[in-house]
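The primary structure of each chain is shown beneath.
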Amino acid sequence: QSEPVAYIIGYQEFYGREFQVTRDTLIPRADSETVIVAALGEKPDAQRVLDLGTGTGALLLTFVAESTALGVGIDKSVTAIGVAEDNASRLGLDSRVTLAIGDWHQPGWAKQLGQFDVILCNPPYVESDARLEPDVRDYEPAIALFAGEDGLADYRILIPQLRNLLSPEGIIVLEIGHQQDESVAQIAKNSGFAPELFRDLAHRPRALMLR
């Protein structure tokens, strides 16, 4: 009864564009537009952008479409990469983006990527025992939702690895759960980053920009 409409009709609007979605990808949420607004506001002239855990490609393709940047999207799911490739093609952006299999839990995943002016990431950040609405819990891919008991496992693994991927003046914009701003900011500070909080339209904490 509770299957999300986006999975039934096969697409979801995000930042004014339609993105194909399948059960292999999270459904892009309006809340995630906060990530785009923050990144474009800070680095409208970015040359290279990286999106980690790209899923449908919504963050990556939106940033590329709204700028002159070239983009790289990484996901550990082969089927998600296929969806992102279809979206890139439909939006006429396939010549400006590279999509590849990659998993930040595996050593060497970032070796050939180079450096980026903007790194975007909406990682899994739900606590493993969190109570979710049935339309999320029963339909969206668990691999993209859950991140250990406190929901912070992926931030702990990922954030310390990002310094080598960032150009000297570059920024990282991470989506966070609305109660995670202080804990993720602390992880970032421990890795030598200065975090800045951005709120969504409901005024909840939604993204951290790291410099």
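Quick note: structure is the one above.
Residues numbered from 1 in each chain as written. Predicted model: local features only at pLDDT ≥ 70, side-chain atom pairs only at ≥ 80, totals over all residues. Heavy atoms only, no water.

Asks: Run through the overall build of the protein, naming residues and quoting values.
Replies: Helix and strand counts for the protein stand at seven helices and nine strands. Here the C-alpha coordinates of the protein stretch approximately 50 × 40 × 35 Å along the principal axes. For the protein, the share of sequence-separated contacts (at least 6 apart) that also reach a separation of at least 24 residues comes to 64%. Put simply, the protein shows about 10100 Å² of open surface, and 48% of that area lies on carbon and sulfur atoms. Taking the 18 positively charged and 31 negatively charged side chains of the protein as two groups, their mean positions are separated by 4 Å. (Helix = DSSP H or I, 4+ residues; strand = E, 2+ residues; numbered from the N terminus. Contact = heavy atoms within 4.5 Å. Areas by Shrake-Rupley, 256 points an atom, 1.4 Å probe, with all protein chains shown as cover. Lys, Arg positive; Asp, Glu negative; His and termini not counted. Charge placed at Lys NZ, Arg CZ, Asp CG, Glu CD.)

Asks: Residue-level account of a nonpolar patch on the surface, with values.
Replies: On the surface, Val5, Ile8, Ile9 and Tyr11 cluster together into a nonpolar patch covering about 390 Å² of accessible area. Here the element with the most residues in the nonpolar patch is helix 1 (residues 5-9); it accounts for three residues. Its place among the elements puts Val5 in helix 1. Residue Val5 is classed as exposed on the basis of its relative accessible area of 57%. (Patch = residues over 30% accessible without salt bridge, like charges linked within 9 Å, V, L, I, M, F, W, Y side chains within 5 Å. Salt bridge = Lys/Arg side-chain N within 4 Å of Asp/Glu carboxyl O. Buried < 20%, exposed > 50% of the residue type's maximum accessible area, 1.4 Å probe, protein only.)

Asks: Can you lay out the packing of aromatic side chains for me, pointing to particular residues and giving the numbers?
Replies: A full pass over the atoms with the stated rule returns one aromatic pair. With a centroid separation of 6.3 Å and 75 degrees between ring planes, the pair formed by Phe14 and Phe19 is classed as edge-to-face. Side by side, Phe14 and Phe19 carry an identical accessibility label, which is buried. Sitting above the plane of the Phe116 ring, Arg48 keeps its charged end 4.1 Å from the centroid. Taking NZ or CZ as reference, Arg163 lies 5.1 Å from the ring centre of Phe193, over its face. (Phe/Tyr/Trp six-rings, centres within 6.5 Å; stacked < 30°, edge-to-face > 60°. Lys NZ or Arg CZ within 6 Å of the ring centre and 35° of its normal.)

Asks: Could you give me a rundown of unusual backbone geometry, with the residues and numbers involved?
Replies: A positive phi angle, close to 55 degrees, is found at Tyr15, a residue other than glycine. What makes Tyr15 partly exposed here is its relative accessible area of 26%. For His203, which is not glycine, the phi torsion reads 70 degrees and is therefore positive. Position of His203 relative to the elements: it lies in the loop between strand 8 (195-199) and strand 9 (205-210). For His203, a relative accessible area of 57% puts it in the exposed group.

Asks: Hey, could you go over helix 7 (residues 181-190) for me, with residue numbers and the actual values?
Replies: Buried residues of helix 7: Asp181, Val184, Ala185, Ile187 and Ala188, and no others. Along helix 7, the residues classed as buried sweep out an arc of 155 degrees about the axis, all on the same side. Facing away from the buried side of helix 7 by more than 90 degrees, the exposed set consists of Glu182 and Asn190. Positioned one or two residues after helix 7, Gly192 has a phi angle of 85 degrees, which is positive. (Arc of directions from axis to C-beta.)

Asks: Tell me about helix 3 (residues 58-65), and name the residues and values.
Replies: By the criterion of burial, helix 3 is predominantly enclosed, with seven of the eight residues buried. Residues of helix 3 that are buried include every one of Ala58, Leu59, Leu60, Leu61, Thr62, Phe63 and Val64, and no others.

Note that all results are geometric; they support no functional claim without further evidence.
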